[in-house]
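Commentary on secondary and tertiary structure
Spelled out from the first residue to the last, the chains are:
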Amino acid sequence: MDNELKNSILKTGTTILGIVCKDGIVMAADRRSTAGNLVMSKNVLKAVQINDYLVMSGTGNASDIEMQKKVIAAHLKLKELHSKSRPTVKQAANLVGAVTYSSIRQPSMIPSIVGTLVAGFNEDGSAELYTIEPAGTAMQVEDYDANFGSGMPFVLGLLERQYKKGMSVKEGVELAIEAVKSSTQRDVGSGNGIDVFTITKDTITHVIEQEISPSYENKKASPRIGSFKDK
């Protein structure tokens, strides 16, 4: 019974990725949500701006990801009000790690398993990217990461070959698009759309918001090999 319940939960078989550039961070994600082998939604925004300076994306149970975004946004706002200063990107990432760590260690019929990417800019203008693995460890990313989404093997293979240290945000956006496209061609849990955010010294921009729709073309069938023709 437990296995049936766990297998039927809406999950984000996912491609999420972050790329560190010389002038900022690029975050990208696909839009497909799945439950087992069934596509449940074709228009899920997986990379989300949660406040003026932070973008988050997650992989795992969809409900846990959505709740995590709301909880983190609320905690950061409270911290800002109490301290009269804005939290850093590192503090935000460590908060996500603490929430993740706490969630997986609370007895539950359905454990919360979420992997997260966090990117943002600090008050001094520096932009940072962090990856929080499903056990709660937060680590700063110096080049690129795709966390533990189902599209990770396809994304990392391409980034390993094409990423260049010191590349511009513009180049990073182009690379992110290619990475998500390569994943949607092979990973059944990824597809239906692409969203790309850029995070620079004082601005977050949703630069790409595309839907991927199937198209059908009528093509004249070619004769089968060895088929008979009237003479």
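On a predicted model such as this, the values are computed, not experimentally measured, just so you know. (Residues numbered from 1 in each chain as written. Predicted model: local features only at pLDDT ≥ 70, side-chain atom pairs only at ≥ 80, totals over all residues. Heavy atoms only, no water.)

1. Section: the sheet that holds strand β1 (residues 16–21)
- With antiparallel pairing, five strands are arranged side by side in an open sheet as β10-β1-β2-β11-β12. Lying at the two open borders of the sheet, with one neighbouring strand each, are β10 (144–145) and β12 (204–211).
- Two elements, strand β11 (residues 193–199) and β12, share seven bridges in a ladder whose sense is antiparallel. Counted as the bridge partner of Gly193 is Glu211 from β12.
- Taken strand by strand, helix α5 (residues 169–186) contacts β1, β2 (24–30), β11 and β12, and its axis lies near 20° from that of β2. (Pairing = 2+ DSSP bridges. Helix = DSSP H or I, 4+ residues; strand = E, 2+ residues; numbered from the N terminus. Contact = heavy atoms within 4.5 Å. Axes fitted to C-alpha atoms, helices over the stretch in contact; angles between N-to-C directions.)

2. Focus: the environment of Leu159
- When you line up the elements, Leu159 lands in helix α4 (residues 152–162).
- Residues in contact with Leu159, not counting those within four places in the same chain, are Ile19, Tyr144, Leu175 and Ala179.

3. So, the side chain of Asp30
- Along the chain, Asp30 falls in strand β2.
- A residue is classified by how much of its surface remains accessible, and Asp30, at 0% relative accessible area, is buried.
- A distance of 2.9 Å separates the side chain of Asp30 from the backbone nitrogen of Thr15, its partner in a polar contact.
- At 2.9 Å, the side chain of Asp30 forms a polar contact with the side chain of Lys46. (Buried < 20%, exposed > 50% of the residue type's maximum accessible area, 1.4 Å probe, protein only. Polar contact = N/O pair within 3.5 Å; in protein donor to acceptor, adjacent residues only side chain to side chain.)

4. Focus on the pattern of salt bridges
- All told, the structure shown has three salt bridges when counted by the stated rule.
- Note that Lys46 is salt-bridged to Asp30, the shortest N-O span being 2.9 Å. In this pair, Lys46 sits in the loop between β4 (38–41) and β5 (47–49) while Asp30 sits in strand β2, placing the two residues 16 residues apart along the sequence. (Salt bridge = Lys/Arg side-chain N within 4 Å of Asp/Glu carboxyl O.)

5. So, unusual backbone geometry
- For Lys84, which is not glycine, the phi torsion reads 60° and is therefore positive.
- Along the chain, Lys84 falls in the loop between α2 (62–83) and α3 (89–104).
- One non-glycine residue with positive phi stands out, namely Asn192, at about 75°.
- Its relative accessible area of 11% is what places Asn192 among the buried residues.

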